Amino acid sequence: MYPDIPDKPAGSYDKPLLCREANTLNLGIEIKRNQGTPTAFSFFHSATPQTNNLMDLGLKDKVIVVSGSAGMRGSIGQTIVSCLGQEGAIPVIVDRNARGLTYEQELKDQGIDGLFVQTDMTQPEQIEAAIQKIVAKYGRIDGLLNNVGVNDGVNWDSSYEDFMQSLKLNVASYFMLTKCALPYLKESKGPILNIGSKVALTGQGGTSGYAAAKGGVLALTREWAVDLIRYDIRVNALIIAESWTPAYQNWIDSLEHGEEKLTSIVATIPLQNRMTTPEEIANTCMFILSDLSSHTTGQFLFVDGGYVHLDRALLPQKG
Ligand SMILES: NC(=O)c1ccc[n+]([C@@H]2O[C@H](COP(=O)([O-])OP(=O)(O)OC[C@H]3O[C@@H](n4cnc5c(N)ncnc54)[C@H](O)[C@@H]3O)[C@@H](O)[C@H]2O)c1
């Protein structure tokens, strides 16, 4: 925190040499005088908020591809698409669910350009065709957000084929979509953002396929960050712990004692004992995709209210 311009007796310092209203910095020089003779000087600056200081993320007209973004309203992908639209970006919805058509139309109704490409993300040839369709329409891809993922509970009772299917959807699709988009990302120096899960780091129990896949997503994030650094492509992962989406609600509803389970989970979320909202996740995605994050790569960003890292034994107890 910078100190504000100190109060001075009249005439004891010169006026600021420079006043940059646009970026809120007031810079100046303070001159100490003894009977009118300068004896010392120092620089000062103050970060005084300006009323017109909106953060421009610079996402306008950027073609951003988002996988798994035709989920129910309030899902992570749908919220990200909506946020991208509000930022003036051109969201591309890649999902197998025909609901994407409705979202595409809704964007158009708001005067926002956008595209839905119906794609089964477990089918590599469909992924390839999706990228071709996007490039045929826009001629470029400015950013990629790998978000598709289902915590499918593939575990000891599941078959080898089920396990492989889980990997196909939850990690191989990230590889394939990125591989197909890569020539265009190299041209645009577009960033890649992978959606991860706390399950990769904390475990969950009962979900081997998803855990393995999300672990792979984090490993690929670091691998790609290294591999693509020569193209100025940034690669990061955003890790979610507990976010209240329709899919999460479905899971709670499927449990015998869902309400109790939910109460016990929420109580363990350190910050404000509440779940992360999809909007909070989407907002961080906007920032990481934007040039304002221009020197951030290879990072795992936890948007989780402190769930993974904070020692609960040290936190104040509520109630
Ligand atoms: N909600 C949470 O608490 C939480 C926690 C950790 C990680 N995540 C991750 O966030 C992401 C989004 O989760 P969500 O809660 O919004 O779930 P969601 O079920 O709403 O989103 C999954 C999306 O993937 C799509 N999809 C599923 N199978 C597909 C396929 N074969 N081809 C194409 N699309 C397919 C669905 O249509 C849906 O749009 C996932 O990667 C998930 O693992 C969520």
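The present account deals with the structure reproduced in this document. (Residues numbered from 1 in each chain as written. Predicted model: local features only at pLDDT ≥ 70, side-chain atom pairs only at ≥ 80, totals over all residues.)

1. Section: the overall build of the protein chain
- The number of helices and strands found in the protein chain is 9 helices and 10 strands.
- For the protein chain, buried positions account for 36% of its 319 residues.
- Once local pairs closer than 6 in sequence are excluded, the contacts in the protein chain between residues at least 24 apart make up 68%. (Helix = DSSP H or I, 4+ residues; strand = E, 2+ residues; numbered from the N terminus. Buried ≥ 20, exposed ≤ 12 C-beta atoms within 10 Å, placed from the backbone. Contact = placed C-beta atoms within 7 Å.)

2. Considering unusual backbone geometry
- With phi around 65°, Asp 61 is a residue other than glycine that occupies positive phi space.
- Tracing the backbone shows Asp 61 in the loop between β3 (37-47) and β4 (63-67).
- We classify Asp 61 as exposed; it has 11 C-beta atoms within 10 Å.

3. Digging into the packing of helix α3 (residues 124-138) against helix α4 (residues 160-188)
- Direction vectors running N to C along α3 and α4 enclose 30°, while the axes themselves pass 9 Å from each other. Here α3 lies roughly parallel to α4, going by the angle between them. In terms of crossing hand, the pair formed by α3 and α4 is right-handed. The residues of α4 that touch α3, namely those facing Pro 124, Ile 127, Glu 128, Ile 131 and Val 135, are Ser 173, Met 176, Leu 177, Cys 180, Ala 181 and Tyr 184.
- Looking at the contact of α3 with α4 residue by residue, the classes come out as 9 nonpolar, 1 polar and 1 charged. (Axes fitted to C-alpha atoms, helices over the stretch in contact; angles between N-to-C directions. Parallel < 35°, antiparallel > 145°, perpendicular 65-115°, else oblique. Left-handed = near helix turned anticlockwise from the far one by under 90°. Nonpolar A, V, L, I, M, F, W, Y, C, P; charged D, E, K, R; others polar.)

4. Here we look at the pairing of β4
- Extensive coverage of β4 is indicated by the burial of 5 of its 5 residues.
- Judged by which residues are buried, β4 turns out to be covered on both faces: Val 63, Val 65 and Ser 67 on one side and Ile 64 and Val 66 on the other are all buried.
- Across 3 bridges, β4 lies against strand β7 (residues 143-146) in parallel orientation. Looking at the pairing, Ile 64 lines up with Gly 143 of β7. (Pairing = 2+ DSSP bridges.)

5. Digging into the sheet that holds strand β5 (residues 90-95)
- Spatial ordering of the open sheet is given by β6-β5-β4-β7-β8-β9-β10, a layout of 7 strands whose pairing is parallel. With partners counted over all chains shown, the strands left at the sheet margins are β6 (115-118) and β10 (300-303), one partner each. Ignoring strand direction, the axes of neighbouring strands in this sheet form an average angle of 20°.
- Against the sheet, α3 engages β4, β5 and β6, with an angle of about 155° to β6.
- Across the sheet, α4 touches β4, β7 and β8 (192-197), and the angle it forms with β7 is around 180°.

Honestly, it's all geometry; don't read function into it.
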